[in-house]
Amino acid sequence: MDVREYEPKSSLVSPQHPKTRAKYPFIDVHNHPRFPMQAEQARKMLADMDGLNMRIMGSLFVRGGNNERLKSAIDSAQQLAPGRIFFFASPDYSGLDDPGYAQKAAAQLEKDVKLGARGLKVWKDLGLNIKDAKGERIHIDDARFDPLWAMCGRLKVPVFIHTADPKQFWEPIDKNNERWLELQEMPGRRRDPAKDPSWEQLITEQHNVFRKHKNTIFIDAHLGWLGGDLGRLGKLMDECPNVYTEIGAVLAELGRQPRYAREWFIKHQDRVVFGKDTWAPTEYYSYFQVLETADDYFPYYRRRHAFWAMYGLDLPDEVLKKLYYRNALRIIPGLDATGFPK
Ligand SMILES: [Zn+2]
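Since we're looking at a predicted model, the values are computed, not measured. Residue indices begin from 1 for each chain and proceed along its sequence in written order. Reporting of local features is limited, given that this is a predicted model, to residues whose pLDDT is at least 70; pairs of side-chain atoms are given and counted only at 80 or more, and all residues count toward the totals for whole chains, interfaces and linings.

## Digging into the overall build of the protein chain
- Helix and strand counts for the protein chain come out as 12 helices and eight strands.
- Taking the principal axes of the C-alpha coordinates as reference, the protein chain spans close to 65 × 50 × 40 Å.
- Counting other C-beta atoms within 10 Å of a residue's own tells you its class, since 20 or more makes it buried, 12 or fewer makes it exposed, and anything in between is partly exposed; those C-beta atoms are placed from the backbone. Counting all 342 residues of the protein chain, 42% fall into the buried class.
- The long-range fraction of contacts in the protein chain, counting pairs at least 24 apart against all pairs at least 6 apart in sequence, stands at 79%. Numbering of helices and strands runs from the N terminus; a helix is a DSSP stretch of H or I covering at least four residues, while a strand is a stretch of E covering at least two. It is the C-beta atoms, placed from the backbone, that decide contacts: two residues are in contact if theirs lie within 7 Å.

## Some remarks on the packing of helix α2 (residues 67–80) against helix α3 (residues 101–115)
- For every element, the axis is a line fit to its C-alpha atoms; helices are fit only across the contacting stretch, and the angle between N-to-C directions ranges from 0 to 180 degrees. Interaxial distance between α2 and α3 falls to 10 Å at its minimum, and their mutual angle equals 20°. Overall, the two elements α2 and α3 adopt an arrangement that is roughly parallel. Relative to α3, the crossing made by α2 is right-handed. From α2, Asn67, Leu70, Lys71 and Ile74 reach across to α3, where they touch Lys111, Asp112 and Leu115. Relative orientations are named as follows: roughly parallel for angles under 35 degrees, roughly antiparallel for angles over 145 degrees, roughly perpendicular for angles from 65 to 115 degrees, and oblique for any other angle. Definitions for this section: a left-handed crossing has its near helix turned counterclockwise from the far helix by less than a right angle. A right-handed crossing has that turn clockwise.

## A word on the sheet that holds strand β2 (residues 54–59)
- Spatially, the three strands line up as an open sheet ordered β1-β2-β3, and their pairing is parallel. Edge positions in the sheet fall to β1 (26–31) and β3 (85–87), since each has one partner strand and no second. Each strand of the sheet is rotated relative to its neighbour by a mean of 20°, with strand direction disregarded.
- By the convention used here, strands pair only if DSSP detects at least 2 bridges between them. Here β2 pairs with β3 via three bridges, running parallel. When the bridges of β3 are listed, Gly58 appears paired with Phe86.

This is the structure we're talking about:
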């Protein structure tokens with residue numbers, strides 16, 4: 001047998017409270033449903049959302065500065081799923097070397113928000129792949145984006161920002177790498193320290209932006225890839241009251257440290273929003289069990305993220321409500337608040 005196949009079934013017998021539905025209605029701020037959508041597909045998605053108790057889902061797919069596409073997506077969602085879907089726009093990186101780029105990018109965002117975008121989505125290509133005409137990497141904290149970040153603050157729309165990737169992707173693929181299996185299955189995720197900017201460099205550039213633009217709300221996606229160092233993330237959030245975070249695809253980091261993560265959630269309860277990042281209804285069950293129960297040692301849905309089992313955080317109801325909907329309703333403008341408990 002190859003180590004890749006090793007998957008021992010737990011023989012532990014202990015009280016378990018698996019969940020198929022969240023305790024409160026919730027908002028998934030980090031997903032990627034593609035609109036325009038076929039009516040049949042939308043009906044199925046809404047039925048699945050209802051089953052999970054998901055009221056609203058964010059669609060962060062719309063690429064750079066394309067008003068036509070943004071508008072057709074918003075119109076389609078308005079028709080097929082009124083009040084259930086919101087959209088974030090993303091920056092257009094073309095023309096980065098033009099002297100007027102900074103103003104143009106800010107003006108584009110203003111137009112996107114007028115059309116109905118509720119925020120700005122910035123993906124990891126900024127920092128890793130976006131280059132200027134000379135082939136130089138554009139840093140995340142490059143001053144040419146300052147007017148764009150400032151515009152988000154002025155319009156009171158959040159910036160949802162995903163920077164870099166799990167730190168283990170930069171580390172040697174050896175027996176000590178916690179993401180060894182993932183790097184075997186998806187070798188393209190490996191980062192080359194000789195060519196790519198370092199993980200620490202990217203994270204530092206991102207934090208520089210947070211510090212420089214205190215009037216703009218940033219949602220640092222995937223726990224800012226600091227789920228394995230919540231103390232550092234908490235310190236950043238203490239220093240920058242404009243920084244929020246989100247738990248998409250990093251549940252396994254929380255589920256392996258239930259006591260500290262619970263304490264951390266209670267301390268930062270006003271600053272974390274719910275996200276998942278991929279639409280697979282049954283995978284949400286693990287999220288509910290980790291967040292809501294005090295169960296011990298139960299399986300997680302994706303082996304390449306974690307070879308360990310989960311433990312429940314047993315979050316207090318008030319903290320759950322903030323994570324599930326209150327924080328998102330407060331920082332994302334224009335969401336329909338009906339149907340959420342007080
Ligand atoms: Zn995503």
